[in-house]
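One-letter residues, chain by chain:
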Amino acid sequence: MKNKNILSSLSLAIIISFTGVVAPNAIAASTPAAEQAEPEKGPHRGRMLRDGDFAIELSIFETGVPPEFRVWATNDGQPIDPKNVDLNVKLIRLGDGTDDINFNAQGDFLRGDMVIYEPHSFVVAIEATYQGKKYNWRYDNFEGRTTIEQAVADAMEINTEIAGPATIHQTIPAYGKLSLPVDAKRNIAARFDGEITKLHVNFGEIVKKGQTLFTVESNESLKPYVIKAPINGIITQLFANAGEQTNGKTLLTITNFNRHIAKLAVYPSDYSKVKLETPVSLNVEGHEESFAGKVSFIEPSVRDDQARIVWVELEGRNLAEGSFVKADIEVATIDVPLAVKRVGLQGFRDFTVVYAKVGEQYEVRMLELGRAGGEWIEVLGGLKAGTEYVTNNSYILKADIEKSGASHDH
């Protein structure tokens, strides 16, 4: 993973290293625009817009109400009855269309008829009519927005996906160890006592079910018979050799290491969530890959620490008895209409955001989040389905925007 201190200015270095030449527009395309002069503010802390003697103060008001526009109009510095002014404001958003806002007189100001939802980032187009004359203004009010050339974004591995439906798998963590099933070990003895005339296997040898292990001459019939392997496995213990009497003792042990049971501890708060056949994802110490299984048995008793032991069988794996296991037990599978990958989430002001991508421009989208599970988190509001958004390396955009000092300008 790249150093998280990388800022968008790295794009210039990338261009140099890739091409040896700095394109004339490379810096402009990968760094925020130069700061503009602070706009004039009015007595209500809104933006002042003037045309000759006529002026309006446009403010986003959000004290005790959802954000809305409020406008005060003056002529030659004197307040105008808001009923005498016709006003329309259009907010042109990045990739999200246009908000068309009309105004009604209320007290000494004009009040917009639409909530100004986040982000407060748009091109503002204003048309006012007073005493038969039209006045027009247009300005940029951007926040949480930056531009990065596609070649630079590719070099930085800024990846995107399309927001849409997803299946959320909610899990609880559990820990335990690998054990062998009871039937994984077989102790082999002779059915009839006699002398071992031939040993066909050696300690540590892999044997198959039905393979001959011993030839024994019966003490009663003096006839030879063979002892065969009842399972596949490895000779893990050997207690007898040719020429010895069987004497009813264990001659050898075969162990099948291709089956294990992960015995996982589940605590009281999660008892009711775990059922038989519940899917489980397991990570075994010493193995990079994950293993999948299902709950096959839940022990009825509890340990001294009040944990119940849940069994998950693993077959066909060359694992080691006693290995530590970390598991995620799936307790819910939820289909949601809109979700994003958690890796793309970043903080912006007091919001959790993703960065929407429109062409070579990126802008924050403030999210209302719901249920989470695995790599996904449900989106309840703040993002439209079908939006292209940044997943991997979204922190580069966060750093670039913070470097620009983007403000929340009303």
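Calculation rules
Residues numbered from 1 in each chain as written. Predicted model: local features only at pLDDT ≥ 70, side-chain atom pairs only at ≥ 80, totals over all residues. Heavy atoms only, no water. UniProt positions renumbered as here; feature names shortened; annotations may be inferred. Phe/Tyr/Trp six-rings, centres within 6.5 Å; stacked < 30°, edge-to-face > 60°. Helix = DSSP H or I, 4+ residues; strand = E, 2+ residues; numbered from the N terminus. Buried < 20%, exposed > 50% of the residue type's maximum accessible area, 1.4 Å probe, protein only. Lys NZ or Arg CZ within 6 Å of the ring centre and 35° of its normal. Polar contact = N/O pair within 3.5 Å; in protein donor to acceptor, adjacent residues only side chain to side chain. Contact = heavy atoms within 4.5 Å. Pairing = 2+ DSSP bridges. Axes fitted to C-alpha atoms, helices over the stretch in contact; angles between N-to-C directions.

If you look the chain up in an unreviewed UniProt entry, it shows as Cation efflux system protein from Pseudoalteromonas gelatinilytica. Per UniProt, the comment on the chain under Sequence similarities (unreviewed entry) is "Belongs to the membrane fusion protein (MFP) (TC 8.A.1) family."

Enquirer: I keep staring at the packing of aromatic side chains and nothing clicks. Help me out?
Expert: Two measures describe an aromatic ring pair: the distance that separates the ring centres and the angle between the ring planes. A complete count under the given rule lists 7 aromatic pairs for this structure. An angle of 25° between the planes, with centres 6.3 Å apart, marks the rings of Phe54 and Trp137 as stacked. With Phe54 in strand 2 (residues 54-61) and Trp137 in strand 9 (residues 133-141), the pair connects residues that are 83 residues apart, well separated along the chain. In this structure, Phe54 and Trp137 share a single accessibility class: buried. Both rings, one in Tyr135 and one in Trp137, keep their centres 6.2 Å apart while their planes meet at 10°; by these two values the pair is stacked. Residue Tyr135 shares its accessibility class with Trp137, and that shared class is buried. An aromatic cluster of three or more residues is present, and its members are Phe54, Tyr130, Tyr135 and Trp137. Above the ring of Tyr117, the side-chain terminus of Arg93 is found at 3.6 Å from the ring centroid.

Enquirer: Please clarify how the environment of Asn232 should be interpreted in this entry.
Expert: The topology assignment puts Asn232 in the loop between strand 17 (224-228) and strand 18 (233-238). The class of Asn232 is partly exposed, set by a relative accessible area of 42%. When the C-alpha positions of Asn232 and Lys209 are compared, they lie 4.8 Å apart, and in sequence the two are 23 residues distant. Side-chain polar atoms of Asn232 contact the backbone nitrogen of Lys209, separated by 2.6 Å.

Enquirer: Please clarify how the environment of Thr129 should be interpreted in this entry.
Expert: Among the structural elements, Thr129 can be located in strand 8 (residues 122-130). Separated by 43 residues in the primary sequence, Thr129 and Asp86 have C-alpha atoms spaced 5.0 Å apart. Excluding anything up to four places from it in sequence, Thr129 contacts Asn84, Val85, Asp86 and Lys134. At a separation of 3.5 Å, a polar atom in the side chain of Thr129 contacts the side chain of Lys134.

Enquirer: Which parts of the structure should I look at to understand the sheet that holds strand 13 (residues 185-189)?
Expert: Whenever strands of a sheet pair, they do so through backbone hydrogen bonds, lying parallel or antiparallel. One open sheet holds the 4 strands; their spatial order is 13-19-18-15, and the pairing between them is antiparallel. Here the strands that pair on one side only, and so sit at the sheet edges, are strand 13 and strand 15 (206-207).

Enquirer: Is there a simple way to think about the sheet that holds strand 16 (residues 212-218) in this case?
Expert: A sheet is described by the order of its strands in space; here 3 strands give the open sequence 14-16-17, paired in antiparallel fashion. Two strands in the sheet have a free side with no partner beyond their single neighbour: strand 14 (194-199) and strand 17. Between one strand and the next, the sheet's axes are offset by a mean angle of 30°, whatever the strand orientation. As defined by bridge partners, strand 14 adjoins strand 16 across 5 bridges and the pair is classed as antiparallel. In the sheet register, Glu195 faces strand 16, and the bridge partner there is Glu217.

Enquirer: Looking at this model, I keep getting lost on the pairing of strand 1 (residues 47-51). Mind explaining?
Expert: Here is the key point about a regular strand: its side chains alternate between the two faces of the sheet. With 5 bridges joining them, strand 1 and strand 2 adopt antiparallel strand pairing. Across the sheet, the residue bridging to Leu49 is Ile56, located in strand 2. In textbook terms, the turn of a hairpin is the stretch between consecutive antiparallel strands, and for strand 1 and strand 2 this stretch comprises 2 residues, one of which, Gly52, has a positive phi near 65°.

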